[in-house]
Protein chains: 2
Amino acid sequence: MSSYLTILGFNSAIPTVNASPTAQMLEMEERHFLIDCGEGTQVQLRKAKSKFSKINHIFISHLHGDHCFGLPGLIASFRLLGREKPLHIYGPEGIKEMLETIFRITETYRGFEIIYHELNKNYSEKIYDDSRVEVFTIPLNHRIYCNGYLFKEKEKERHLNMEEISKYPEIETCDYQNIKNGKDFKLKDGFILKNEKLTTDPTPPISYAFCSDTRYLETIVPIIKDVNVLYHESTFLHDLKEMADYTGHTTALEAAQIAKAANVKKLILGHFSNRYGDLKVFTDEARAIFPQTYLPKALETLTLE
Amino acid sequence: MSSYLTILGFNSAIPTVNASPTAQMLEMEERHFLIDCGEGTQVQLRKAKSKFSKINHIFISHLHGDHCFGLPGLIASFRLLGREKPLHIYGPEGIKEMLETIFRITETYRGFEIIYHELNKNYSEKIYDDSRVEVFTIPLNHRIYCNGYLFKEKEKERHLNMEEISKYPEIETCDYQNIKNGKDFKLKDGFILKNEKLTTDPTPPISYAFCSDTRYLETIVPIIKDVNVLYHESTFLHDLKEMADYTGHTTALEAAQIAKAANVKKLILGHFSNRYGDLKVFTDEARAIFPQTYLPKALETLTLE
């Protein structure tokens, strides 16, 4: 099982013909997590051929319009498509009041429950946990209360070494799960087959950190340490550092510094100000500090590894 | 001065890659009126190369999401683009509470005033009036409180007959406005030049009626009588008449009946259910009753005449 990231939109502020506001679809261990939902996200999801029905968890970083104005329409479409399953929404305090006011006034009746997980803490907390994935908040520093999110696969099962196992007819299919879980196998004659002989190491768990919007913030480094992929906003180049601070954003150079300090494997930049034409200037600036920096491509699906 | 209609979106309910929800830009006597504003309207406006800054009046028919979920994002973009002029919004009671709740929670500060004109009457009323244009509500019958809008150019000035005028050097440029207004001209010798000799008839005023969403409703006929162009929803074909009644919509056949009874010059259909592929079935059904029926073309600008 791999994890996949589809960036549905990565532009800041004003949507234009070729620039969609922030939204991402993370597929991790068969869970489909929607991260942020700017206006037009439902159309981007259709372009990406994502199945609406698979989305059960939506994570909203902050309540600026370019990160959440696509939510009411997406939820209304869920209803029209006959959804019955509950939907979990994680986001800043206030998100429930906003959405429920909209649904009441627009008479958007739902055939399904929305379970709100409203956030207000200024420290990282685990907000999602199942058998294979966990999600933590990454408190950010923007003009409004804002969290990034850290998505982590849990430790996986060990792989069966079938070549070795086939030498022992005593080992039956029903024993496989115990062996995958790391247990040794005791033969009838009392001999103990060590687990490391019967298995190979599990696929290392993947982790993904989404950090937008924020000022340069070193406190996130320990939280996102060693992640496979970091998406970090870089609204401006460093010559506009003052503007970045004033508006609560990061420069490409600073995003690279964070990536380097956190020892991530790969950095994807995003949330670019409309003032820039050719986005190559962002990777040029960042790669001087962190070479594994990339630009997002809209609707491209990236395998996380 | 002509009037122009650009249909930005004409689909119902669920936005898809090639189907935008309801929104229209009416340019009448140099006023720019935005009619309805489904999700993604600001991008459609950009595709149509409409200048955001020219929009001072927005008319919302009803508060279902596919007619209003584009408003918060459009208004946030107005602010980002530096708008200072007031914005007038006409729509059902509740629109102010919804928008102001969204702006408070998303901290969408504005550098301009929004003047809300909340509607709750069940009879047609004049809601806009300036020197050249007036706008009336058209009470409709949908599942939720809903108005269509009738836009009317006022009686225009008479055209100067320069061939005739040039025969009388006594008539000076400063006299032209009086003559355009229909006044006779008295020569110094006391002879009265009749106005009809000095002018030709004015260009007839144009009127446009927007009717969406509604059940078949004969009471609108006297309100929209003789308009140049009628946009009337036709969500379904007539074989789904029961479904149309149940969901508060009109069939193509019924829209044609309304157009015929009101003696309009041209009917444009819209708000088609997603279940139909080739939209020609709508004009086929309607033209049997009202031949001057047309399908909208997204982003095409129509000269009203």
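Residues numbered from 1 in each chain as written. Chains lettered and ligands numbered in written order. Predicted model: local features only at pLDDT ≥ 70, side-chain atom pairs only at ≥ 80, totals over all residues. Heavy atoms only, no water.

Moving on: the overall build of chain A. A count of helices and strands for chain A gives 11 helices and 18 strands. Considering only C-alpha atoms, chain A reaches an extent of 75 × 50 × 35 Å along its principal axes. Counting all 305 residues of chain A, 57% fall into the buried class. Carbon and sulfur atoms provide 49% of the accessible area of chain A, an area that totals close to 13,300 Å². (Helix = DSSP H or I, 4+ residues; strand = E, 2+ residues; numbered from the N terminus. Buried < 20%, exposed > 50% of the residue type's maximum accessible area, 1.4 Å probe, protein only. Areas by Shrake-Rupley, 256 points an atom, 1.4 Å probe, with all protein chains shown as cover.)

Let us now look at the UniProt feature "binding site: Zn(2+) 2" (unreviewed entry) in chain A. Residue and element names in this part refer to chain A. Within this numbering scheme, the UniProt entry marks D66, H67, D213 and H271 as carrying the feature "binding site: Zn(2+) 2" (unreviewed entry). Sequence-wise these annotated residues cover 206 residues; spatially they are packed, their C-alpha atoms never more than 10.7 Å apart. Within the fold, H67 resides in helix 2 (residues 65–68). Judged by relative accessible area, H67 falls into the buried class, the value being 0%. (UniProt positions renumbered as here; feature names shortened; annotations may be inferred.)

A few words now on unusual backbone geometry. All names here are of chain A. In the segment running from S212 into D213, the intervening peptide bond is cis, with an omega of 0°. With respect to the helices and strands, D213 occurs in the loop between strand 14 (207–211) and helix 8 (221–224). In this structure, E30 takes a positive phi of about 70° despite not being glycine. Counting through the fold element by element, E30 comes out in the loop between strand 2 (23–28) and strand 3 (31–37).

It is worth spelling out the sheet that holds strand 5 (residues 87–92) of chain B at this point. All names here are of chain B. The 7 strands lie next to each other as 6-5-4-3-2-1-18, forming an open sheet whose pairing is mixed. Two strands close off the open sheet at either side, each with one partner strand: strand 6 (114–119) and strand 18 (301–304). Adjacent strand axes in the sheet meet at a mean angle of 20° when their direction is disregarded. Bridge analysis of strand 1 (residues 3–9) against strand 18 gives 4 bridges, and the strand direction is antiparallel. Bridge pairing links Y4 to T303 in strand 18. Contacting strand 3 (31–37), strand 4 (55–59), strand 5 and strand 6, helix 3 (residues 71–80) runs over the sheet at an angle of about 170° to strand 4. Relative to strand 6, helix 4 (residues 95–105) is tilted by about 145°, and along the sheet it contacts strand 5 and strand 6. (Pairing = 2+ DSSP bridges. Axes fitted to C-alpha atoms, helices over the stretch in contact; angles between N-to-C directions. Contact = heavy atoms within 4.5 Å.)

Moving on: the packing of aromatic side chains. Overall, the coordinates contain 28 aromatic pairs over all chains when judged by the stated rule. Residues F78(B) and F112(B) carry aromatic rings whose centres are separated by 6.3 Å and whose planes lie at 75° to one another, so their mutual orientation is edge-to-face. Pair noted here: F78(B) is in helix 3 and F112(B) is in the loop between helix 4 and strand 6, with a separation of 34 residues, a long-range link. Each of the two residues, F78(B) as well as F112(B), counts as buried. A connected cluster of aromatic rings, assembled from ring pairs, spans F33(A), F59(A), Y90(A), Y128(A), Y149(A), F151(A) and Y208(A). The residue whose ring lies beneath R83(A) is F112(A), and the NZ or CZ to ring-centre distance is 5.4 Å. (Phe/Tyr/Trp six-rings, centres within 6.5 Å; stacked < 30°, edge-to-face > 60°. Lys NZ or Arg CZ within 6 Å of the ring centre and 35° of its normal.)

Our next topic: the UniProt feature "active site" (unreviewed entry) in chain A. All names here are of chain A. What UniProt calls "active site" (unreviewed entry) maps, in this numbering, to D66. By the secondary structure assignment, D66 is in helix 2. Classification of D66 as buried rests on a relative accessible area of 14%. Each residue touching D66, except ones within four places of it in the same chain, is listed here: S12, A13, P21, T22, G38 and H271.

Now for the interface of chain A and chain B. Of the residues lining the interface, 35 residues belong to chain A; the matching set on chain B comes to 36 residues. Between chain A and chain B, roughly 2,900 Å² of surface is buried when both sides are summed, and carbon and sulfur atoms account for 68% of that area. Along the contact surface separating chain A from chain B lie 2 salt bridges. Between R104(A) and E97(B) there is a salt bridge, with the nearest N and O atoms lying 2.5 Å from each other. Elements with a minimum of two residues in the side of chain A that touches chain B: helix 1 (41–47), helix 3 (71–80) and helix 4 (95–105) of chain A. With 6 residues, the top contributor of residues to the side of chain A that touches chain B is helix 4 of chain A. A breakdown of the residues in the side of chain A that touches chain B according to their chemical character gives 16 nonpolar, 12 polar and 7 charged. (Buried area = accessible area lost by both parts, 1.4 Å probe. Salt bridge = Lys/Arg side-chain N within 4 Å of Asp/Glu carboxyl O. Nonpolar A, V, L, I, M, F, W, Y, C, P; charged D, E, K, R; others polar.)

Right, let's get into helix 10 (residues 252–261) of chain A. All names here are of chain A. Within helix 10, burial applies to A252, E254, A255, A256, I258 and A259. Looking at the buried residues of helix 10, the elements they touch are helix 8, strand 15 (229–233), helix 9 (241–247), strand 16 (266–270) and helix 11 (280–287). Phi turns positive, to about 55°, at N263, one or two residues after helix 10.

Next up on the list: the packing of helix 4 of chain A against helix 4 of chain B. Each pair of packed helices gets described by two things: the angle between the helix axes and the distance between those axes. Contact pair helix 4 of chain A / helix 4 of chain B: the axes reach a minimum separation of 9 Å and the direction vectors enclose 170°. Taken together, the axes of helix 4 of chain A and helix 4 of chain B lie roughly antiparallel to each other. Touching E97(A), M98(A), T101(A), I102(A), R104(A) and I105(A) of helix 4 of chain A are E97(B), M98(B), T101(B), I102(B), R104(B) and I105(B), all from helix 4 of chain B. Of the residues that constitute the contact of helix 4 of chain A with helix 4 of chain B, the class distribution is 6 nonpolar, 2 polar and 4 charged. (Parallel < 35°, antiparallel > 145°, perpendicular 65-115°, else oblique.)

By the definition in use, this model includes 1 cavity of 30 Å³ or more. A volume near 80 Å³ is recorded for the largest cavity. In terms of lining residues, the largest cavity is bounded by C68(A), F69(A), P72(A), M98(A), I102(A), F69(B), P72(B), M98(B) and I102(B). Its residues assigned to classes, the lining of the largest cavity comprises 9 nonpolar, no polar and no charged. (1 Å grid on protein atoms, 1.4 Å probe; cavity = no way out; pocket = protein on both sides within 12 Å on 5 of 7 lines; lining within 4 Å. Points joined across faces, edges and corners; volume = space filled by probe spheres on them.)

Quick look at the relation of the copies chain A and chain B now. When chain A is brought onto chain B, the operation consists of a screw motion whose angular component is 180° and whose axial shift is 0.0 Å, with 0.1 Å RMSD remaining. Such values leave the two copies arranged in the relation of a two-fold axis. Distance from the rotation axis, computed per C-alpha, reaches its smallest value in chain A at G40(A): 2.9 Å. When the interface residues of chain A are mapped onto chain B, 100% of them are again interface residues, pointing to one common binding face. (Least-squares fit on C-alpha atoms with pLDDT ≥ 70 in both.)

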